[in-house]
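The chain contents come next:
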Amino acid sequence: MNCIIIDDEATARMIITQLCSNVPSLNVLEEFPNAMQAIKYLNQNEVDLIFLDIHMPDFTGFDFIETLKNPPKIVLTTSDPKFAIQAFEYDCIVDYLVKPITQERFQKGIDKAEAMHDVPATPTIPVSESEKVETSSGNDLYVNIDRRLIKIDIPSIYLVEAKGDYIQVKTEDKNYTVHSTLKKIEEKLPDSLFLKVHRSYIINIKKIIDIEDNSVLIKKDVIPVSRSNRPELMKRLNLL
């Protein structure tokens, strides 16, 4: 697999390069001290795998991922373990390696990346790059991810969250990050199940575990409920 390394520390880049040299299947094309240089490179070149540090000046690893329309597989390399849960909300991230990284642990990450690289995405439908709007059919929602339409079972969705130019669709099995708006996806979801409770959140009212003051608990997510949306929520739950 052709790969690049992005880390603001020269020593860290050297260590990753050395770890890669011990894996015959890896070919390091370039290494970069910041995300901006890497973005310019990726605009003209394709890679299979990126080794990416999270903490970098001005532009974090997560900021970098958000700029990629069709990201390759990414292995995060960091000295900070606290972002692991957030990291795996991105479909492109295959592993989270905490420094210092041993060769054995590094190899496990490569094994995951190679397994995902070799497996074709079978349950998807090709679409044009320009098509960004989700479509729905019956109990299915189709979202555009990496130039493909991914089918999501609507009843399995428990939360949709707006994050800048993206939305995150959380389901019972998996989370999806989609380049879209909350308004667009709200139009595709059935009113009988879903309600926008805040400018950044749509919830599946059937998945509510608890209600307290101006928030609801769904799974492990505590979701704020705006004052203007609370009456409608109470009405839907037959509490008015």
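So, how was this worked out
Residues numbered from 1 in each chain as written. Predicted model: local features only at pLDDT ≥ 70, side-chain atom pairs only at ≥ 80, totals over all residues. Heavy atoms only, no water. Pairing = 2+ DSSP bridges. Helix = DSSP H or I, 4+ residues; strand = E, 2+ residues; numbered from the N terminus. Axes fitted to C-alpha atoms, helices over the stretch in contact; angles between N-to-C directions. Buried < 20%, exposed > 50% of the residue type's maximum accessible area, 1.4 Å probe, protein only. Arc of directions from axis to C-beta. Contact = heavy atoms within 4.5 Å. Polar contact = N/O pair within 3.5 Å; in protein donor to acceptor, adjacent residues only side chain to side chain. Phe/Tyr/Trp six-rings, centres within 6.5 Å; stacked < 30°, edge-to-face > 60°. Lys NZ or Arg CZ within 6 Å of the ring centre and 35° of its normal. Expected span 1.5 Å × (residues − 1). Right-handed = clockwise from strand over helix to strand, strands pointing away. Core = buried A, V, L, I, M, F, W, Y, C linked by side-chain atoms within 4.5 Å. pLDDT = per-residue confidence, 0-100.

Draft legend 1. Structural view of the sheet that holds strand β12 (residues 175-178). The antiparallel open sheet is built from five strands, whose spatial order is β12-β11-β10-β14-β13. The sheet is open, and its two borders are formed by β12 and β13 (194-198), each paired with just one other strand. Neighbouring strand axes in the sheet, compared pairwise and without regard to direction, differ in orientation by 20 degrees on average. Bridging between strand β10 (residues 157-163) and strand β14 (residues 201-204) involves three bridges; their strand directions are antiparallel. Looking across to β14, one finds that E161 is bridged to Y201.

Draft legend 2. A look at helix α2 (residues 35-42). Regarding α2, the residues found buried are A35, A38, I39, Y41 and L42. Considered in projection along α2, the buried side chains sweep an arc of 160 degrees and stay on one side of the axis. Those residues of α2 hidden inside the fold are in contact with β1 (2-6), β2 (27-32), β3 (49-52) and α3 (61-67). For α2, the N-terminal cap is N34; the gap from its side-chain oxygen to the backbone nitrogen of M36 is 3.2 Å.

Draft legend 3. Focus on the sheet that holds strand β15 (residues 208-212). Spatial strand order, β15-β16-β17: three strands in an open sheet with antiparallel pairing. Because the sheet does not close on itself, it has two edges, and the strands there are β15 and β17 (221-224). Here the strands of the sheet are splayed against their neighbours by 25 degrees on average, with no regard to which way each runs. Judged from the four bridges that link them, strand β16 (residues 215-218) and β17 form a sheet pairing that is antiparallel. Considered in β17, the bridge of I218 is made with D221.

Draft legend 4. Quick peek at the packing of aromatic side chains. Tallied over the entire structure, the rule returns four aromatic pairs. Summarising the aromatic geometry, the rings of F51 and F106 are spaced 5.3 Å apart at their centres and angled 25 degrees between planes, so their arrangement reads as stacked. Placement of F51 in strand β3 and of F106 in helix α5 (residues 103-118) is noted, with a sequence separation of 55 residues between them. One aromatic cluster in this structure is built from F62, F83 and Y90. The ring of Y158 has K219 lying over it, and the distance from NZ or CZ to the ring centre is 5.8 Å.

Draft legend 5. Broad picture of helix α1 (residues 10-21). In this model α1 runs 16 Å from its N-terminal to its C-terminal C-alpha over twelve residues, within 8% of the 16 Å that 1.5 Å per residue would give. For α1, every residue scored as buried is listed here: A12, R13, I16, L19 and C20. The buried residues of α1 occupy an angular sector of 125 degrees when projected down its axis, which confines them to one face.

Draft legend 6. Highlighting the pairing of β2. Strand direction decides the pairing type here: β1 and β2, joined by five bridges, are parallel. Considered in β2, the bridge of C3 is made with V28. Viewed along the sheet, the connection from β1 through α1 into β2 turns out right-handed.

Draft legend 7. Summary view of the nonpolar core. Counting residues in hydrophobic clusters, the biggest one holds 25 residues, and the most contacted among them are I6, I50, L52, F64, I65, L76 and I93. Of all elements in the fold, only β1, α2, β3, α3, β4 (73-78) and β5 (93-98) reach the threshold of two or more residues within this core. Looking at this core element by element, the count peaks at five residues for α2. Beyond its immediate sequence surroundings of up to four residues, L76 is in contact with L52, I54, F62, A87, I93, D95, Y96 and L97. Among the nonpolar cores identified, the runner-up in size contains 18 residues, and I152, I185, L193 and F194 belong to it.

Draft legend 8. Examining the confidence of the model for the chain more closely. Summary statistics for the chain give a mean pLDDT of 85 and a share of 89% for residues scoring 70 or more. Across residues 119-133, confidence stays below pLDDT 50; counting only partners more than four residues off in sequence or on other chains, it has 23 contacts.

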